[in-house]
Structures are given as structure tokens and as C-alpha cells.
Amino acid sequence: GGYARGSIGSKFKWITSFYENYQSFDPRITEIVRNRAVAPGEAEVKNPLGYFDYSVSSGGISYEFSKFFQLTGGHGKNFIGNGYRSLLLSDASGNYPFLKSNIKIGRVNYSAVIAEFIDFTNNLSADGLKRKKYGSFHYLDVLATKKLKLAFFEAVIWEGDSSGRAQLELNYINPFVIFRPLEYNIGSPDNVLIGLNASWDIHKTINIYGQVILDELHSSNLINNPTWWGNKYGYQSGVKIHNLPIHNLVIIGEHNSVRPFTYSHKTSGINYGHNYNPLAHPFGANFREALGIFNYRIKRLNINSKLVYIFGGEEVSDSVSSGKDIFKSYNDRLHENGYKIGHGLEYKQLLWDTKLNVILNPKYLLMFELGYQNRAQWIGENKENHHYLYLGFRTSLLNLYYDY
């Protein structure tokens, strides 16, 4: 593949990339790709039953009209949050076309994104187009004090028409409206999510952060019936240790928890996903996760070690939803109550990945890498244990997640 970026003057910037892949994955990711025919975080594969062949392109332009306002358009991804994962909007899905505006005034930063997604699970239109779906995202970030940052997030997903053509809802394009009352007033059945993001520097070396995502929540059921299927929410908490006397040492500890059926909806056309990949956490829903990351760099030598533990529930059948697969309709559930994290076929994973990198080109993070990975997983009563020793040349221009 190839990658290029540049600028015209000081305000106009552009970027473009393309790459072709022919690869295999470990057994866990291979099963996911064969079921979905999509490589996680990338694109549709051409040969889902053998070695996987696919290509990916991205690109965009941005223009800084003033120090207060910037506009970006392109084909790529967005990430909202301070942690390794994001429960609001992450880069775990494939690329998509989007238009992003950003306004910054003093301690207030406001971003609005309009994006077009693909409903890969639906039937094609008569001329072969995949069904389209659309999303609008608002993110208001306020620096409350010099050390505390608070942010409010809202998103709405709506469906394109049956012909696969565009069906933009003009009300959702307005970056200065609140989605929930607007959705109610126009009689919309669309999917609205709201969330919070926070980051606090409690010490010059310690930052704590967190997120809350609310997909659907009834306070009476939350208190009196906590296992009701419609209690759809998730939360994140984390700590980052950096700026230590040992320079270039970063330690991250993070917890993520998402209830069953969160991010799902009546159809895949209005769920919180794109091209058979979730728009938030790559696992989907119905899980708890604890992870730790250690990274230390000295000159051109970098050591990275990551430990990820996941407890959750896998789907039991194709026709009934256990709450994990966000692309299944939540109407296909069997019960109204009794849903806890881990419902369905119990799944546990412990993944350890440690690697040593020698950086050859710091600008593009071209490096020689030697690493070891162990993935132990339990699905029901069955245990699998896979070990990998790997080496090669690579860049770090992309974030790709295979650790779930």
C-alpha cells in the first residue's frame, strides 16, 4: 500500500492512503471474519472461506477557517475518549465518509459529525447497492478547571431508504439541536444514544478518566428490576500513569462494562454499527473487560506489554438474541427479565501480548518488531490456548483491534 499527506499553506491539509491485504488471522478472529465476511476494523473480504483478501482506502481534507473553527471531510474513522477503548465512538469499525466541524472558544470545544454507514446485514437493493444508514454525533467538551475536563455526547442513527440511496433527515444535520426531544417531536423511531466523558489530572503523573453510555434507561426498572432487558447502558473507568521520573514510561489500567442489548435496535439499519462492526467496543455488548498496558521507550527501543481479560456471553443461536450481537434485533429475545452480563453461552478470555520494537523511522513509526502472544479462551466448557511468536517490519499508522 501507500500513504501520503501534505498541506497547502498553513490552513489546508490533506491525507490519503490505500493498501491491499492477503492474510490469515488467529482462530478467534478467523471465526468472526468467516461469520461476518468483514475483517475487523477494515473491509469486506473477498474470500471468507480461505485466506482473506481485501483492500482498504482512506483520505480526507481539513481547512482551518480561523483559530475558532475547523472543517474536516473524508473517508476514515473518529474516536472519542481518553482510554484504550471508547464506549461512545471508537475506531473499531471500518472507514466511512464523514463531515466534521469543530468550534473552540476558550475552554469550550464543540464537535459535530455527520456520517454515512453501511447496513451490511440487510439485503442488497435491486442494482446491487448495499443499504445505507446515517449517523449524527455531537460532542461538547468543557475544561471545567485546569485539571478537570467534562464532556457531553449524543448520537442518532437512522436508516436509508430501501433502494440504497441517501435519505438524509435535515433535522439531524443541524449541529445545534438536542436529539432526544427532536426525535420525539418529529415522531421518529430512530436510535438515540447519550453519554458522558470525563478526565481528571489528580496529579501531574496520574490521570483518571471514564465514560457512561445510555442507550435506553428507565429509572423505575433500573431500581426495581435491574435485569430487565431494556436497561441498556455501559461504563468505563481508567487510570493513566505517565510523566514519571522514568521518562517515556506509560502505564494504563482500564475497566469496561456493557449490559446486554446495548447498541442494538429493532433492525440492523438503526443499530450502533457499521459494515458488520460495532461503532463502539469491538466485542459488541454483554461483557466486562479489564485491561492493562505497559509501554516504555528508550531512544529507538520500545517495549509494550498488554493484558486483556474479558468475561461475557456469546450468542447461543442464530434466531434468538442473547444480547451480545448488536446486529440482531432486540425483539428476538426470549424473555423480558433475567438478563445479566454473561447471559447466553459463557465466554472468558485472557490475552497477553508482549513485543519489542526497534524504531527505524520515527516519523511514520516504521519499526522492526519481535513479539509473543498467548490467547486463552473458555467458551462454555471448552478451553482453547493459542501461542504465537511473531517478527517482522511494520508501521503504526493504523489502530486495529484483535484482542477481544
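Relevant structure appears above.
What counts as what
- Residues numbered from 1 in each chain as written.
- Predicted model: local features only at pLDDT ≥ 70, side-chain atom pairs only at ≥ 80, totals over all residues.
- Heavy atoms only, no water.
- Helix = DSSP H or I, 4+ residues; strand = E, 2+ residues; numbered from the N terminus.
- Rg over C-alpha atoms; globule rule 2.2 N^0.38 Å.
- Contact = heavy atoms within 4.5 Å.
- Areas by Shrake-Rupley, 256 points an atom, 1.4 Å probe, with all protein chains shown as cover.
- Buried < 20%, exposed > 50% of the residue type's maximum accessible area, 1.4 Å probe, protein only.
- Polar contact = N/O pair within 3.5 Å; in protein donor to acceptor, adjacent residues only side chain to side chain.
- Core = buried A, V, L, I, M, F, W, Y, C linked by side-chain atoms within 4.5 Å.
- Pairing = 2+ DSSP bridges.
- Phe/Tyr/Trp six-rings, centres within 6.5 Å; stacked < 30°, edge-to-face > 60°.
- Lys NZ or Arg CZ within 6 Å of the ring centre and 35° of its normal.
- Salt bridge = Lys/Arg side-chain N within 4 Å of Asp/Glu carboxyl O.

Glancing now at the overall build of the protein. If you tally the helices and strands in the protein, you get four helices and 19 strands. Radius of gyration (C-alpha) of the protein: 21 Å, near the 22 Å computed for a compact globule of 404 residues. Seen along its three principal axes, the alpha-carbon backbone of the protein occupies a region of about 60 × 60 × 50 Å. Long-range contacts, defined as pairs at least 24 residues apart, comprise 61% of the intrachain contacts of the protein with a sequence gap of at least 6. For the protein, the exposed area adds up to about 19,900 Å²; of that, 59% sits on carbon and sulfur atoms.

Here we take up helix 1 (residues 27–36). An α-helix turns once per 3.6 residues; consequently, residues spaced three or four apart project the same way. Burial in helix 1 covers these residues: Arg28, Ile29, Thr30, Ile32, Val33 and Arg36. On the buried face of helix 1, the contacting elements are strand 3 (52–64), strand 14 (277–278), strand 16 (301–314), strand 17 (345–361) and strand 18 (366–379). With a side-chain oxygen lying 3.1 Å from the backbone nitrogen of Arg28, the N-terminal cap of helix 1 falls on Asp26. Of the residues one or two after helix 1, Ala37 is the one with positive phi, at around 60°.

Judged by nonpolar contacts, the single largest core of 54 residues is most densely connected at Tyr54, Phe137, Phe153, Tyr263 and Tyr272. Among the nonpolar cores identified, the runner-up in size contains five residues, and Trp228, Trp229, Tyr330 and Tyr339 belong to it.

So, about the pairing of strand 8 (residues 148–159). Where strand 7 (residues 131–143) lies against strand 8, eleven bridges are found, and the strand directions are antiparallel. Each bridged residue has a counterpart across the sheet, and for Lys133 the counterpart in strand 8 is Glu159. Relative to strand 9 (residues 191–203), strand 8 is paired through ten bridges, and the arrangement is antiparallel. Residue Ala151 lies in a different strand from strand 9, and its bridge partner there is Asn197.

With that out of the way, let us pick up the environment of Gly371. Within the fold, Gly371 resides in strand 18. Given the relative accessible area of 4%, Gly371 is considered buried. Distance from Gly371 to Ile208, taken between C-alpha atoms, is 29 Å for residues 163 residues apart in sequence. Apart from the residues within four sequence positions on either side, Gly371 is in contact with Thr354, Lys355, Tyr388, Leu389 and Tyr390.

For the rest of this paragraph, the subject is unusual backbone geometry. Backbone phi values are negative for most residues with the exception of glycine, while trans is the configuration of most peptide bonds. Look at Tyr263: it is not a glycine, yet its phi comes out positive at around 75°. Inspection of the secondary structure puts Tyr263 in the loop between strand 12 (249–258) and strand 13 (273–274). Unusually for a residue other than glycine, Lys299 sits at a positive phi of about 55°. When you line up the elements, Lys299 lands in the loop between strand 15 (287–298) and strand 16.

Here the focus is the packing of aromatic side chains. Applying the stated criterion across every chain, the model contains 22 aromatic pairs. Residues Tyr22 and Tyr51 carry aromatic rings whose centres are separated by 6.1 Å and whose planes lie at 35° to one another, so their mutual orientation is tilted. Here Tyr22 is found in strand 2 (residues 12–23), whereas its partner Tyr51 is found in the loop between helix 1 and strand 3, with 29 residues between them in sequence. The burial state of Tyr22 is the same as that of Tyr51; both residues are exposed. Between Phe368 and Phe393, the aromatic rings sit 5.5 Å apart at their centres with planes inclined by 65°, giving edge-to-face as the arrangement. In this pair, Phe368 is assigned in strand 18 and Phe393 in strand 19 (residues 382–394), connecting sequence segments 25 residues apart. Sitting above the plane of the Phe283 ring, Lys324 keeps its charged end 4.7 Å from the centroid. Lying over the aromatic face of Trp229, Arg333 brings its terminal NZ or CZ to 3.8 Å of the ring centre.

This paragraph deals with the pattern of salt bridges. Overall, the coordinates contain twelve salt bridges when judged by the stated rule. With its nearest N and O atoms 3.2 Å apart, the salt bridge here joins Arg85 to Asp403. Residue Arg85 is located in the loop between strand 4 (69–76) and strand 5 (96–105), and its partner Asp403 is located in the segment after strand 19; the two are separated by 318 residues in the primary sequence. For the pair Arg85 and Asp403, one class covers both residues: buried. Here the salt bridges do not stand alone but share partners, grouping Arg85, Glu289, Lys306 and Asp403 into one network.

The next subject is the side chain of Gln349. By secondary structure assignment, the location of Gln349 is in strand 17. A polar contact of 3.4 Å, which involves the side chain of Gln349, links it to the backbone oxygen of Asp403. Those residues in contact with Gln349 that sit more than four places away from it in its chain are Val308, Tyr309, Ile310, Arg375, Ala376, Gln377, Trp378, Asp403 and Tyr404.

Along the chain, Glu44 falls in the loop between helix 1 and strand 3. Taking relative accessible area as the criterion, Glu44 reaches 36% and is therefore assigned partly exposed. As a C-alpha pair, Glu44 and Gly94 span 50 residues in sequence and 9.1 Å in three-dimensional space. Leaving out residues up to four positions away in the same chain, Glu44 has contacts with Ala37, Val38, Asp53, Tyr54, Phe120, Lys130 and Asn275. A polar contact of 3.1 Å, which involves the side chain of Glu44, links it to the side chain of Lys130.

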